[in-house]
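Listed below are the residues making up each chain.
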Amino acid sequence: VGHCHPDIVKAAHEQNQLLNTNSRYLHDNLVDYAERLSKTLPEKLCIFYFLNSGSEANDLALRLARQYTKHEDVIVLDHAYHGHLTSLIDISPYKFRNLEGQKEWVHVAPVPDTYRGLYREDHEDSVTAYADEVKNIIEHAHKRGRKIAAFFVESLPSVGGQIIPPAGYFQKVAGHVHKAGGVFIADEIQVGFGRVGKHFWAFQLQGEDFIPDIVTMGKPIGNGHPLACVATTKEIAEAFAATGVEYFNTFGGNPVSCAIGLAVLDVIEKEQLQAHATEVGNFLMKLLKEQQIKHPIIGDVRGCGLFIGVDLIKDQAE
């Protein structure tokens, strides 16, 4: 919502003057913020864990998935990046290809990119073709005696090239993953909080009939203040709690962070930033498409709201 936004600075300052404790001490801000956040999400995503960073959130999502499914393996998209912790470097092809390589429990599916990818705009059914790639990975893993805990994906792959997955892809993939006993994790760390304009969450671009099992948040949630969140279902949370090992995060969800989180939601609403993202995004896309007509080096312009990708190429045909 902008550097040093006065409303955010004020909320942080006021709460700082009152109390900032770790989250073993109960405080209304935590509950108020969880309640407010829940109104932006589908009803079944009703349990919230608060943390300090997107990497922490994704790491917890991985733990939740494994505890719930009792499986280990994870399917990710090629070129993905999910964070800087060891567990997340392991599921980030963007990183592990230059480091220690791919672990046995990690499976990489092709990015559902209809411009450069395996199946393009001229394909009769790119949605099914890309989802079938995931299905094949699952079948191959099962033959090797491995079991899938999660399909872990950014709702709009960002490091992978600002990709807009074709509508219906997540539903089909979720069908294959659920059938294999796994869960669907949507990483909204870069693309959540109204950035895509027409929806508050980028996974909603896939249609109303799609709901992930776990959603992770970071970056915009605290406008630069360390705040992150994992939202999930009661079933998954109960399986996680059943270990008897409580989830505890010293500063995740502290009163100051939650006051800031509430202020961010207020600003998004008050300043109509979601509508703004749509309007400015459409304006920018229109100008980029005008440039595309003039310059053959621009191969593709794609995007939604203020999430926009421009492909620069050498050869239109290739």
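The protein appears in an unreviewed UniProt entry as AT2L2 lyase from Chloropsis cyanopogon. According to the UniProt record, the Sequence similarities (unreviewed entry) comment for the protein reads "Belongs to the class-III pyridoxal-phosphate-dependent aminotransferase family." As stated in UniProt under Cofactor (unreviewed entry), the record for the protein gives "pyridoxal 5'-phosphate".

Participant: Explanation requested: the sheet that holds strand E7 (residues 228-232) in the structure shown.
Facilitator: Strand pairing within a sheet occurs via backbone hydrogen bonds; the two strands may be parallel or antiparallel. Taken together, the 7 strands give an open sheet; going across it, the order is E1-E7-E6-E5-E4-E2-E3, and neighbouring strands pair in mixed fashion. If you trace the sheet from one side to the other, it starts and ends with strand E1 (47-51) and strand E3 (106-109), each paired once. Strand after strand, the sheet turns through a mean of 20 degrees between neighbouring axes, direction not considered. The sheet contact formed by strand E2 (residues 73-77) and E3 spans 4 bridges and is parallel. Across the sheet, Leu-77 pairs through a bridge with Ala-109, a residue of E3. Most of the contacts of helix H7 (residues 169-179) go to strand E5 (residues 183-187), to which it runs at about 140 degrees, and overall it touches E2, strand E4 (148-154) and E5.

Participant: Hey, could you run me through the domain arrangement of the protein in this one?
Facilitator: Often the size quoted for an interface is simply the accessible area lost on bringing the parts together. Under the domain assignment used here, the protein contains domain 1 (7-271) and domain 2 (276-312). Taken residue by residue, the interface counts 16 residues in domain 1 and 14 residues in domain 2. Summed over both partners, the interface of domain 1 with domain 2 buries about 1,200 Å², with 58% contributed by carbon and sulfur atoms. The largest contributions to the domain 1 side of the interface with domain 2 come from Tyr-115, Gln-162 and Arg-195, which together make up 44% of the buried area.

Participant: How do you make sense of the pattern of salt bridges when you look at a structure like this?
Facilitator: Opposite charge on two side chains makes pairing possible when the charged atoms of those side chains draw close. Applying the stated rule across the entire model yields 16 salt bridges. A salt bridge links Arg-36 to Asp-266; the shortest N-O distance between them is 2.8 Å. Within this pair, whereas Arg-36 is found in helix H2 (residues 28-38), its partner Asp-266 is found in helix H9 (residues 255-270), the two being separated by 230 residues in sequence. Note on Asp-266: relative accessible area 40%, which makes it partly exposed. Where Lys-44 meets Asp-213, a salt bridge forms, and the shortest distance between an N and an O atom there is 3.7 Å. Of this pair, Lys-44 sits in the loop between H2 and E1 while Asp-213 sits in the loop between E5 and strand E6 (214-217), and the two are 169 residues apart along the sequence. Here Lys-44 falls in the partly exposed class, since its relative accessible area comes to 39%. Accessibility expressed as a relative area gives 8% for Asp-213, which makes it buried. Connected via shared salt-bridge partners are Glu-72, Asp-73, Glu-104 and Arg-146.

Cut-off values and rules
- Residue numbering note: each chain is counted from 1, following its sequence as written.
- In keeping with the model being predicted, local features are shown solely for residues with a pLDDT of at least 70 and side-chain atom pairs are shown and tallied solely at 80 or more, while totals for entire chains, interfaces and linings include all residues.
- Side-chain metrics in this entry use all non-hydrogen atoms of the structure; hydrogen atoms and water are not considered.
- UniProt positions are given in the numbering used here, feature names are shortened, and annotations may be inferred rather than shown by experiment.
- Following DSSP output, two strands are said to pair if at least two bridges run between them.
- Segments assigned H or I by DSSP are reported as helices when at least four residues long, segments assigned E as strands when at least two residues long, and all are numbered from the N terminus.
- Only the stretch in contact is used when fitting a helix axis, every axis being a line fitted to C-alpha atoms; angles between N-to-C directions are given from 0 to 180 degrees.
- Only heavy atoms enter the contact rule, under which two residues are in contact if any of them lie within 4.5 Å.
- For every domain, the bounds stem from an assignment made automatically or drawn from a database.
- Put simply, buried area is the surface a 1.4 Å probe can reach on two separate parts but cannot reach once they are joined, added for both.
- Put simply, a salt bridge is a Lys or Arg side-chain nitrogen that is within 4 Å of an Asp or Glu carboxyl oxygen.
- Each residue is assigned to one of three classes by its accessible area relative to the maximum for its type, calculated with a 1.4 Å probe on protein chains only: buried under 20%, partly exposed between the two thresholds, exposed over 50%.

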